[in-house]
Amino acid sequence: MTPSRRICWKTTKMPDPLATSAVILAGGLARRMGGGDKALREIGGRSLLGRVIDRLTPQCERLVLNANGDPARFAAYGLPIVSDPVADFPGPLAGVLAGLDWLEAHHPQTEWMLSAPADCPFLPNDLVARLHQARIDQQAQIAVAASADRTHPVIALWPLDMRADLRRALLADDVRKVDRFTACYARAVVDWPTDPFDPFLNVNAPEDSTAAERIAARYGA
């Protein structure tokens, strides 16, 4: 990967979290769940996507959904739907770029975008605020969530200024790993507690679905 342009921020002012938009990433192939639309699978009688929307709506000015294939299957959620701008399912970075491109085209005044997967039903209610505070405190360009001694690079706060770098990384440098791309930038990592449960539980496999059902039933999450 060729060296990326670093972005210098001119302000440390805490933005209104509601001025942040979000892209929900539902463009994967869900191989470990047997394929299909994992985002539409239900936990506690509600779809994973519906749960993520409920968690992010109070924290963000607008939401956009990254999904490939026929967008009609998500019409009931009332979100703008954008497909990957890169062919052959290159991974979550393509979904991040899709969200950044859509915001630049439709809401160019936006400065920050959160990315989050559609299979994390228990995202914390202070996600956007804490990511913003950390990137300001640490003078970082990207802020990433963490829990249980591991980072969650797909759950991150991105500046719209990064569109050109990300497009070049995907198309010219064939970068697919989120960590490989973000390693080129100053990155703040924000840790969340896992008691009583990990707010970043991914429903990636049947056993994750079972664990999520237990959490939803026990804690009303």
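Preceding this paragraph is the structure being described.
What counts, and where the lines are drawn
Residues numbered from 1 in each chain as written. Predicted model: local features only at pLDDT ≥ 70, side-chain atom pairs only at ≥ 80, totals over all residues. Heavy atoms only, no water. Salt bridge = Lys/Arg side-chain N within 4 Å of Asp/Glu carboxyl O. Buried < 20%, exposed > 50% of the residue type's maximum accessible area, 1.4 Å probe, protein only. Helix = DSSP H or I, 4+ residues; strand = E, 2+ residues; numbered from the N terminus. Phe/Tyr/Trp six-rings, centres within 6.5 Å; stacked < 30°, edge-to-face > 60°. Pairing = 2+ DSSP bridges. Contact = heavy atoms within 4.5 Å. Axes fitted to C-alpha atoms, helices over the stretch in contact; angles between N-to-C directions.

(A) Structural context of the pattern of salt bridges. Evaluation of the coordinates by the stated rule reveals nine salt bridges. A salt bridge links aspartate 54 to arginine 46; the shortest N-O distance between them is 2.6 Å. Of the residues examined, aspartate 54 reaches a relative accessible area of 46% and is grouped as partly exposed. Of the residues examined, arginine 46 reaches a relative accessible area of 34% and is grouped as partly exposed. A salt bridge links aspartate 101 to arginine 167; its shortest N-O distance comes to 2.4 Å. Of this pair, aspartate 101 sits in helix H2 (residues 92–106) while arginine 167 is found in helix H4 (residues 163–171), placing the two residues 66 residues apart along the sequence.

(B) Expanded view of the packing of aromatic side chains. Tallied over the full model, the rule gives five aromatic pairs. Ring centres 5.4 Å apart and planes at 85° place the aromatic pair tryptophan 192 and phenylalanine 200 in the edge-to-face group. By relative accessible area, which is 4% here, tryptophan 192 ends up buried. For phenylalanine 200, a relative accessible area of 1% corresponds to the buried category.

(C) Quick peek at the sheet that holds strand S9 (residues 187–192). Taken in spatial order, the seven strands of this open sheet run S5-S4-S1-S6-S8-S7-S9, and their pairing is mixed. Edge positions in the sheet fall to strand S5 (81–82) and S9, since each has one partner strand and no second. By the bridge criterion, four bridges tie strand S6 (residues 112–117) to strand S8 (residues 150–159) in an arrangement that is antiparallel. In the sheet register, tryptophan 112 faces S8, and the bridge partner there is proline 159. Contacting strand S1 (21–25), strand S4 (63–66) and S6, helix H1 (residues 48–56) runs over the sheet at an angle of about 165° to S1. In the packing of H2 onto the sheet, contacts are made with S1, S4, S5, S6 and S8, and the angle to S1 comes to roughly 145°.

(D) Layout of the environment of valine 203. Checked against the element boundaries, valine 203 lands in the loop between S9 and helix H6 (206–219). For valine 203 and proline 117, which are 86 residues apart along the polypeptide, the C-alpha to C-alpha distance reads 9.9 Å.

These values are about where atoms sit, not about what they do.
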